[in-house]
Amino acid sequence: MTNNVVVITGGSRGIGRAAALAAAKRGWRVVIGYATNKKAADEVVATIEASNGKALAVKCDVGEERDILALFKAADGFGTLGALVNNAGIVGQTARVEDLTADRINHMLRVNVTGSFLCAREAVKRMSTKHGGKGGVIVNISSVAATLGSANTYVDYAASKGAIDTFTTGLSNEVAAEGIRVVGIRPGLIDTDIHASGGEPDRHHRLAKTVPMQRVGTADEIANAIVWLLSDEASYVAGMTMNVSGGR
Ligand code: NAP
């Protein structure tokens, strides 16, 4: 791998952390973004370095364009960019649509949608053969919520992930001929801290019975799909979003 730097937003915890560890094992030099939790981000870097991998943690709130520019600037100093995992994402507190404020909806879209667009923009500028790059891969982390709608919970979140699915289709069609594969993953109910952020830490366990496989998934199970999509084994996979959801 010569273009072997991968940028993973929200790489300090949960799915992003698992993806960072899995990517490092496969030889990627990993640049992880984190929002606030420097301690968690430093732990990911230390874990990777302990196995002789290379990693760098950069504070990057994807709701802030200047943070995104700083993240990619730091990545430029780490090697040649070959991949982006648009993983950072948030949910709000459980609420019905009639109780949502404009501020909440705008913040959700700013982090989950605008952040992913701007990170992809920076990645395309560096990886597209049209701009002298060597090609690469962009993996957008969506959610099965995009297809289910998350009624009575967080329709704003679900709609933000619906936008991500459309973004994956459109961006792929735009850059596939320039050496960039754009793909997506829709995780199902995964055992991470995100459910606590929505005010219900056990939500995924409560809903496990609605999963055809009758269990929640692990962050590692999503990470395995991510690193496969990043690899040459997925060299003819583009423009699609894959459910990794136990059949849900
Ligand atoms: P998580 O455990 O809550 O971890 C969130 C990660 O994103 C942390 O590294 C956090 O950084 C970072 N982050 C939060 N807000 C950010 C912001 N504004 N800018 C940049 N980074 C930010 O979440 P997760 O469950 O791993 O979710 C990762 C992705 O998978 C999200 O896009 C989520 O929507 C999607 N997903 C998750 C599930 C699930 O069941 N877990 C299901 C479907 C889809 P700090 O450590 O600094 O806070």
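As a starting point, this report considers the structure included with it.

The rules we used
Residues numbered from 1 in each chain as written. Predicted model: local features only at pLDDT ≥ 70, side-chain atom pairs only at ≥ 80, totals over all residues. Heavy atoms only, no water. Helix = DSSP H or I, 4+ residues; strand = E, 2+ residues; numbered from the N terminus. Expected span 1.5 Å × (residues − 1). Buried < 20%, exposed > 50% of the residue type's maximum accessible area, 1.4 Å probe, protein only. Contact = heavy atoms within 4.5 Å. Near = heavy atom within 4 Å. Polar contact = N/O pair within 3.5 Å; in protein donor to acceptor, adjacent residues only side chain to side chain. Areas by Shrake-Rupley, 256 points an atom, 1.4 Å probe, with all protein chains shown as cover. Axes fitted to C-alpha atoms, helices over the stretch in contact; angles between N-to-C directions. Parallel < 35°, antiparallel > 145°, perpendicular 65-115°, else oblique. Left-handed = near helix turned anticlockwise from the far one by under 90°. Nonpolar A, V, L, I, M, F, W, Y, C, P; charged D, E, K, R; others polar. Pairing = 2+ DSSP bridges. Right-handed = clockwise from strand over helix to strand, strands pointing away.

A word on helix H6 (residues 155-175)
Then, number 1: Along its 21 residues, H6 runs 30 Å from first to last C-alpha, staying within 8% of the 30 Å computed at 1.5 Å per residue.
Then, number 2: Every buried residue of H6 is accounted for by Asp156, Tyr157, Ala158, Ser160, Lys161, Ile164, Asp165, Phe167, Thr168, Leu171, Ser172 and Val175.
Then, number 3: Lining the buried residues of H6 we find strand E4 (81-86), helix H4 (102-127), strand E5 (136-141), helix H5 (145-148), strand E6 (180-187) and strand E7 (241-244).

Some thoughts on the site of the ligand
Then, number 1: The full set close to the ligand counts 31 residues, and Ser12, Arg13, Asn87, Tyr157 and Thr192 are the nearest of them.
Then, number 2: One of the backbone N or O atoms of Val62 is found 2.9 Å from a nitrogen atom in the ligand.
Then, number 3: At a separation of 2.5 Å, an oxygen atom of the ligand approaches a polar side-chain atom of Thr192.
Then, number 4: A total of 910 Å² of accessible area belongs to the ligand in isolation, and the protein chains cover 94% of it.
Then, number 5: Listed by contribution, the elements that provide at least two residues to the shell around the ligand are helix H1 (14-25), H6 and helix H7 (194-197).

A short note on the packing of H1 against helix H2 (residues 38-50)
Then, number 1: Following both chains from N to C, one finds H1 and H2 inclined at 20 degrees, their axes separated by 10 Å at the closest point. Considering the angle they form, H1 stands roughly parallel to H2. Crossing handedness for the pair H1 and H2: right-handed. Residues Arg17, Ala20, Leu21 and Ala24 of H1 touch H2, and the partners they reach there are Glu43, Val44, Thr47 and Ile48.
Then, number 2: Its residues assigned to classes, the contact of H1 with H2 comprises 5 nonpolar, 1 polar and 2 charged.

Section: the pairing of strand E2 (residues 29-34)
Then, number 1: In terms of burial, E2 is largely enclosed, as 5 of its 6 residues are buried.
Then, number 2: Sheet analysis places E2 next to strand E3 (residues 55-59), joined by 5 bridges and oriented parallel. Residue pairing across strands places Gly33 opposite Val58, the latter belonging to E3.
Then, number 3: Assessed by its sense of winding, the connection that carries the chain from E2 through H2 to E3 is right-handed.

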